[in-house]
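# Observations on chain architecture
Now for the letters of each chain:
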Amino acid sequence: MSCSQENSSAVSGTTSQVAAQARATHQPPRSGRTDRATVAVYAADPILRVGVVQQLRRRPEVDLLDDADAERAEASLVVVDHVDDHVATLLHRLRLNTATRTGLVVGTLGSGALQRVIECGVSAVLRRAEADQDQLLHLVLALANGEGVLPGDLLGKLLTHVGSLQRSALDPRGLSLSTLTTREADMLRLVSEGLGTAEIARKTAYSERTVKNVLHEIITRLQLRNRAHAVGYALRNGLI
């Protein structure tokens, strides 16, 4: 994807800036700060840029940097309507500067865009509809203090996504501790103790045919090879 020329013409001085991975939190910025937070604002649309700059310029807590000094900003704000390939390229470039963190002020964040911007290094997100002077200041100070900001609904989506990734990483088949019924777990436990079909049938009061069917069902459903494989799988995953 080659859009660096377009970004350079739309926003000068955007080659080296950074953002650490998003750490979603709703805690207010720390109040012990004595100096002004330095911030650079980037927007392909000059109207969007002017609007944010005018809001922040009124606040004594913020020091707005021009393009020549943008690389030393503690916080970089990217103001866009939506996230597309051009914006993603810009965010990736901003991520290269380890001295600053990036926040995104966005009109709409489509499906899958949250994960994309976090992968691009964005640490805080604010919807443009909510971007009044106080919210913009909160965003900048949070970034300067090493914090993150996400709207509540986006935080929920992020946590759901992280949980899904964790489950996939722990068990690619999407299985859980409830994969086995009590009867199935009991029979596999007896297999692990070295019992054969007839012995399991006597201990569980089921017919040998039922025992065979239950064990076959486990092996088939979990895509395993045989009883020994089923026992090993169940032990590794804490199912028995």
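Thresholds, definitions, all that
- Residues numbered from 1 in each chain as written.
- Predicted model: local features only at pLDDT ≥ 70, side-chain atom pairs only at ≥ 80, totals over all residues.
- Heavy atoms only, no water.
- Helix = DSSP H or I, 4+ residues; strand = E, 2+ residues; numbered from the N terminus.
- Contact = heavy atoms within 4.5 Å.
- Areas by Shrake-Rupley, 256 points an atom, 1.4 Å probe, with all protein chains shown as cover.
- Pairing = 2+ DSSP bridges.
- Axes fitted to C-alpha atoms, helices over the stretch in contact; angles between N-to-C directions.
- Phe/Tyr/Trp six-rings, centres within 6.5 Å; stacked < 30°, edge-to-face > 60°.
- Lys NZ or Arg CZ within 6 Å of the ring centre and 35° of its normal.
- Core = buried A, V, L, I, M, F, W, Y, C linked by side-chain atoms within 4.5 Å.
- Buried < 20%, exposed > 50% of the residue type's maximum accessible area, 1.4 Å probe, protein only.
- Parallel < 35°, antiparallel > 145°, perpendicular 65-115°, else oblique.
- Nonpolar A, V, L, I, M, F, W, Y, C, P; charged D, E, K, R; others polar.
- Polar contact = N/O pair within 3.5 Å; in protein donor to acceptor, adjacent residues only side chain to side chain.
- Expected span 1.5 Å × (residues − 1).

In the nomenclature of an unreviewed UniProt entry, the protein chain corresponds to Response regulator transcription factor from the organism Streptomyces formicae.

### Description of the overall build of the protein chain
Within the protein chain, the secondary structure is distributed over ten helices and five strands. The contacts of the protein chain with a sequence gap of at least 6 include a subset with a gap of at least 24, amounting to 76%. Total accessible area on the protein chain stands at roughly 12800 Å², and carbon and sulfur atoms take up 50% of it.

### Topic: the sheet that holds strand 1 (residues 37-42)
Spatially, 2-1-3-4-5 is the arrangement adopted by the five strands of the open sheet, whose pairing is parallel. A single partner strand is all that each edge strand has here, and the edge strands are strand 2 (62-64) and strand 5 (122-127). Across this sheet, the average inter-strand angle for adjacent strands is 30°, counted without regard to direction. Note that strand 1 and strand 2 share three bridges and pair parallel. Paired with Val39 across the strands is Leu64, a residue of strand 2. Across the face of the sheet, helix 3 (residues 85-94) comes into contact with strand 1, strand 3 (75-80), strand 4 (101-106) and strand 5 while running at roughly 175° to strand 3. The sheet strands contacting helix 5 (residues 133-144) are strand 1, strand 2, strand 3, strand 4 and strand 5, and the helix crosses strand 5 at an angle near 175°.

### Brief notes about the packing of aromatic side chains
The full count for this structure, using the stated rule, is zero aromatic pairs. Above the face of the Tyr206 ring, Arg183 is positioned so that its terminal group lies 5.1 Å from the ring centre.

### Here we look at the nonpolar core
Val78, Leu91, Leu104, Leu109, Leu114 and Val117 are the most contacted members of the largest nonpolar core, which totals 27 residues. For this core, the elements supplying multiple residues, two or more each, are strand 1, strand 3, helix 3, strand 4, helix 4 (113-119), strand 5 and helix 6 (152-170). No other element matches the five residues that helix 3 contributes to this core. Excluding anything up to four places from it in sequence, Leu104 contacts Val78, Val80, Val83, Leu109, Val117, Val122, Ala124, Val125 and Leu126. By size, the runner-up hydrophobic cluster in this structure holds 25 residues, among which are Val39, Leu48, Leu77 and Val140.

### Focus: the pairing of strand 5
Most of strand 5 sits inside the fold, with five of its six residues counted as buried. Where strand 4 and strand 5 come together, five bridges link them in parallel fashion. Directly across from Val106, in strand 5, lies its bridge partner Arg127.

### Focus on the packing of helix 7 (residues 182-192) against helix 9 (residues 208-221)
At a minimum axis separation of 10 Å, helix 7 and helix 9 run at an interaxial angle of 95°. Overall, the two elements helix 7 and helix 9 adopt an arrangement that is roughly perpendicular. Where helix 7 abuts helix 9, its residues Arg183, Glu184, Met187, Leu188 and Val191 lie against Thr210, Val211, Val214, Leu215, Glu217, Ile218 and Arg221. Across the contact of helix 7 with helix 9, the residue classes break down as seven nonpolar, one polar and four charged.

### Things to note about the side chain of His229
Inspection of the secondary structure assignment puts His229 in helix 10 (residues 227-236). A polar contact of 3.0 Å, which involves the side chain of His229, links it to the backbone nitrogen of Arg225. Setting aside its immediate chain neighbours within four residues, His229 contacts Leu224 and Arg236.

### Some words on helix 5
Taking 1.5 Å per residue, twelve residues should reach 16 Å; helix 5 reaches 17 Å between its end C-alpha atoms and fits that length. Where burial is concerned, most of helix 5 is hidden: nine out of the twelve residues are buried. Taken together, the buried positions of helix 5 are occupied by Gln133, Leu136, Leu137, Leu139, Val140, Leu141, Ala142, Leu143 and Ala144. Its buried side turned inward, helix 5 meets strand 1, helix 2 (46-57), strand 2, strand 3, strand 4 and strand 5. Gly146, located one to two residues past helix 5, shows a positive phi value of around 80°.

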